[in-house]
Amino acid sequence: MEIAGVRLGFSLLSDEFISPTPASPPRELPSPVGQSPRVLLPPGSEGELPSPVGQRPTVLPAPGFEVSRLLPDAVGTTCGQHLEKVIGTEHTHILRVPFRTEKGIVRKWISRFEVWPYLETYADDVANELARELQATPDLIVGNYSDVNLCTIAHALEKMKYLNSDFYWKKFEDQYHFSCQFTADLIAMNHADFIITSTFQEIAGSKDTVGQYESHTAFTLPGLYRVVHGIDIFGPKFNIISPGADTFIYFSYADQSKRLTALHPKIEELLFSDVENSEHKCVLKDKSKPIILSMARLDRVKNITGLVEFYGKNPHLRELVNLVVVAGDHAKASKDVEEQAEMKKMYGFIEQYKLDGHIKWISAQMNCVCNGELYRYIADKRGVFVQPAFYEAFGLTVIESMTCGLPMFATIHGGPGEIIVHGALGFHIDPYQGDKAAELLVNFFEKCKEDTESFFAT
């Protein structure tokens, strides 16, 4: 099959501000991990798509674009750059277009929950920009969110992430605008030519959980409408394409020949410095202890504060290990209401459980190469990675940290429940039962104290 045209990434609602392989290594904004553009082929593979053995590869002669928001006031990033080439590719660029009103363009970042008033104008502006850049009509449009109806990706279906958000939609409406979100989701998933997911559970769940798309088959927004057949989850439009970890960046801590030891002084300063600054808060008193590491956006669903709470509540766990969380940004005040609330909770738990001396709270780290070595450094220290989200569609940090050799304790709700075999490739935890998660960690570290081989067995 021959395809003449372009690969186009179309992410209207995306929080992805820059490619994971930007032309320069700027400091990125929200969503520090898991920001891979889902539509760009790996460097070196441009111009070809997989073909059956013996057949000529499909040729894609025209350029591809990842469309995102232009943010002129995003200081320290390339988010104000209209067109940015993706390093390692010949024809792929990030095309940034601003949100616009009659008063001018929106210069600062706003939450994905607040973008609805801008989308109609934005879609027209993007269409005009693409026509100018391509001098043609795109053949393929892929949307990370419910903003495109040719192909969609189950990246941010919010319904499963906020418990009972359909039934109590009025309670959440001012902050999250779920009536718009769920309606747009239904329209997009039914009008899409095909849908891409990372795991089967995103489509139809498991014997114990409901799938993200499955949750849209029948539900009610009281006082607004009732859905009796929202989506056919067994339809042929569903496809599973699981992302992976870049093995040039994420590799085992045991592979000493590839280790980036030049980064260790920076990593040690982050972890063990006794001086607080805009990049890290609190100090670790006993630097010899193993480390629990967690890394995510500082929002309610990622549940970083839940991890801090169940760690703080368990004296035995605090005695055994230190806790390091990489989330949020200490350098500037967040404008996101949810992140502000989580920040307040974090400081509250640190004070309530007297965690200074046991916890290190580091601002979001955007350099994926350095993060890979951080994972390996924690593995050297016989630490683990904990992913405590209330719901995680896939969990790139799960794959990345496991690839680097870290034992994994990850949420049972979502993709990690499918990725991990409990007790063999890691451990499932229920974020709604923090006390049990803490005891599971205690048992693991106690066993490792008695038998060091237990660490390598995970």
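Here, every reference points to the structure presented above.
Residues numbered from 1 in each chain as written. Predicted model: local features only at pLDDT ≥ 70, side-chain atom pairs only at ≥ 80, totals over all residues. Heavy atoms only, no water.

**Concerning the overall build of the chain**
The secondary structure content of the chain amounts to 13 helices and 21 strands. When the 458 residues of the chain are sorted by exposure, 55% land in the buried category. A fraction of 70% describes how many contacts in the chain between residues 6 or more apart in sequence connect residues 24 or more apart. Roughly 20500 Å² of accessible area belongs to the chain as shown, and the carbon and sulfur atoms make up 56% of that amount. (Helix = DSSP H or I, 4+ residues; strand = E, 2+ residues; numbered from the N terminus. Buried < 20%, exposed > 50% of the residue type's maximum accessible area, 1.4 Å probe, protein only. Contact = heavy atoms within 4.5 Å. Areas by Shrake-Rupley, 256 points an atom, 1.4 Å probe, with all protein chains shown as cover.)

**With respect to the packing of aromatic side chains**
In total, this model carries 23 aromatic pairs according to the counting rule given. Seen from their ring centres, Phe-172 and Phe-178 are 5.9 Å apart, and the 65° between their planes marks the pair as edge-to-face. Accessibility classification places Phe-172 together with Phe-178 in one group, the buried group. Sitting over the face of the ring of Phe-251, Lys-258 holds its NZ or CZ atom 4.5 Å from the ring centroid. Residue placement shows Arg-376 over the ring face of Phe-251; its charged tip is 3.7 Å from the ring centre. (Phe/Tyr/Trp six-rings, centres within 6.5 Å; stacked < 30°, edge-to-face > 60°. Lys NZ or Arg CZ within 6 Å of the ring centre and 35° of its normal.)

**Concerning the pairing of strand S17 (residues 322-326)**
Of all the five residues making up S17, five are buried; the element is thus mostly covered by neighbouring parts of the structure. A two-sided burial pattern is seen for S17, the buried positions comprising Asn-322, Val-324 and Val-326 on one face and Leu-323 and Val-325 on the other. Where strand S16 (residues 291-295) meets S17, five bridges bridge the pair, whose relative direction is parallel. Across the sheet, Ile-291 pairs through a bridge with Asn-322, a residue of S17. Bridge analysis of S17 against strand S18 (residues 359-362) gives four bridges, and the strand direction is parallel. By the bridge assignment, Leu-323 is partnered in S18 with Ile-359. In this view, the connection linking S17 to its parallel neighbour S18 by way of helix H8 (residues 337-352) has right-handed handedness. (Pairing = 2+ DSSP bridges. Right-handed = clockwise from strand over helix to strand, strands pointing away.)

**Examining the packing of helix H6 (residues 304-313) against H8**
Packing of H6 against H8 leaves a shortest axis separation of 9 Å and a crossing angle of 10°. It follows that H6 is roughly parallel to H8 by the angle criterion. When H6 is examined against H8, the residues Ile-304, Thr-305, Val-308 and Glu-309 are found in contact with a partner set consisting of Glu-342, Lys-345, Met-346 and Phe-349. Across the contact of H6 with H8, the residue classes tally to four nonpolar, one polar and three charged. (Axes fitted to C-alpha atoms, helices over the stretch in contact; angles between N-to-C directions. Parallel < 35°, antiparallel > 145°, perpendicular 65-115°, else oblique. Nonpolar A, V, L, I, M, F, W, Y, C, P; charged D, E, K, R; others polar.)

**Describing the environment of Leu-355**
Mapping Leu-355 onto the fold places it in the loop between H8 and S18. As a C-alpha pair, Leu-355 and Leu-284 span 71 residues in sequence and 9.3 Å in three-dimensional space. Not counting chain neighbours up to four residues away, the residues in contact with Leu-355 comprise Val-308, Tyr-311, Gly-312, Arg-318, Phe-349 and Ile-350.

**A short note on the sheet that holds S18**
Pairing within the open sheet is mixed, and its seven strands lie in the order S15-S18-S17-S16-S19-S20-S21. Across the chains shown, the open sheet's two edge strands, defined by having one partner strand only, are strand S15 (280-281) and strand S21 (427-429). Helix-sheet contacts for helix H12 (residues 434-450) involve S16, strand S19 (384-387), strand S20 (408-411) and S21, and the interaxial angle to S21 is about 155°.

**Thoughts on the side chain of Lys-289**
Mapped onto the elements, Lys-289 comes out in the loop between S15 and S16. For Lys-289, which is buried and forms no salt bridge, the nearest opposite charge comes from Asp-286, at a distance of 4.9 Å. Looking at Lys-289, its side chain comes within polar contact range of the main-chain oxygen of Arg-318, at 2.9 Å. Here Glu-319 takes part through its backbone oxygen, which lies 3.3 Å from a polar atom of the side chain of Lys-289. For Lys-289, the contacting residues outside a window of four places in its chain are Arg-318, Glu-319, Leu-320, Val-321, Asn-322 and His-358. (Lys, Arg positive; Asp, Glu negative; His and termini not counted. Salt bridge = Lys/Arg side-chain N within 4 Å of Asp/Glu carboxyl O. Polar contact = N/O pair within 3.5 Å; in protein donor to acceptor, adjacent residues only side chain to side chain.)

**What about the pattern of salt bridges?**
The final tally for this structure, using the stated rule, is 17 salt bridges. We note a salt bridge from Glu-158 to Arg-112, for which the minimum N-O separation is 2.7 Å. Pair noted here: Glu-158 is in the loop between strand S10 (151-153) and helix H2 (169-176) and Arg-112 is in the loop between strand S8 (104-105) and helix H1 (119-134), with a separation of 46 residues, a long-range link. You'll find Glu-158 and Arg-112 in the same group, each marked buried. Counted as one network, the salt bridges with shared partners bring together Arg-259, Glu-373, Arg-376 and Asp-380.

**Structural notes on the packing of helix H5 (residues 264-272) against helix H9 (residues 368-380)**
At a minimum axis distance of 10 Å, the contact between H5 and H9 shows a crossing angle of 70°. In terms of axis orientation, H5 runs roughly perpendicular to H9. H5 and H9 meet at a crossing whose hand is right-handed. Contacts between H5 and H9 involve His-264, Lys-266, Ile-267, Glu-268, Leu-271 and Phe-272 on the former and, on the latter, Cys-370, Glu-373, Leu-374, Tyr-377 and Ile-378. The residue inventory of the contact of H5 with H9, partitioned by class, reads seven nonpolar, one polar and three charged. (Left-handed = near helix turned anticlockwise from the far one by under 90°.)

**Some points on unusual backbone geometry**
The phi dihedral of Gln-135 is positive, around 55°, even though this residue is not glycine. For Gln-135, the location among the structural elements is in the loop between H1 and strand S9 (141-143). Judged by relative accessible area, which is 65%, Gln-135 ranks as exposed. Its identity as a non-glycine residue notwithstanding, Cys-282 has a phi of 70°, on the positive side. Note that Cys-282 resides in the loop between S15 and S16. Assessed through its relative accessible area of 6%, Cys-282 is described here as buried.

**Points about H12**
A rise of 1.5 Å per residue sets the reference length of H12, with its 17 residues, at 24 Å; its end C-alpha atoms lie 25 Å apart and thus fit the reference within 8%. Listed in full, the buried residues belonging to H12 are Gly-434, Ala-437, Ala-438, Leu-441, Val-442, Phe-444, Phe-445 and Cys-448. Seen end-on, H12 carries its buried residues on one side only, within an arc spanning 165°. In H12, the exposed positions that point more than 90 degrees away from the buried face belong to Asp-435, Lys-436, Lys-447 and Glu-450. (Expected span 1.5 Å × (residues − 1). Arc of directions from axis to C-beta.)

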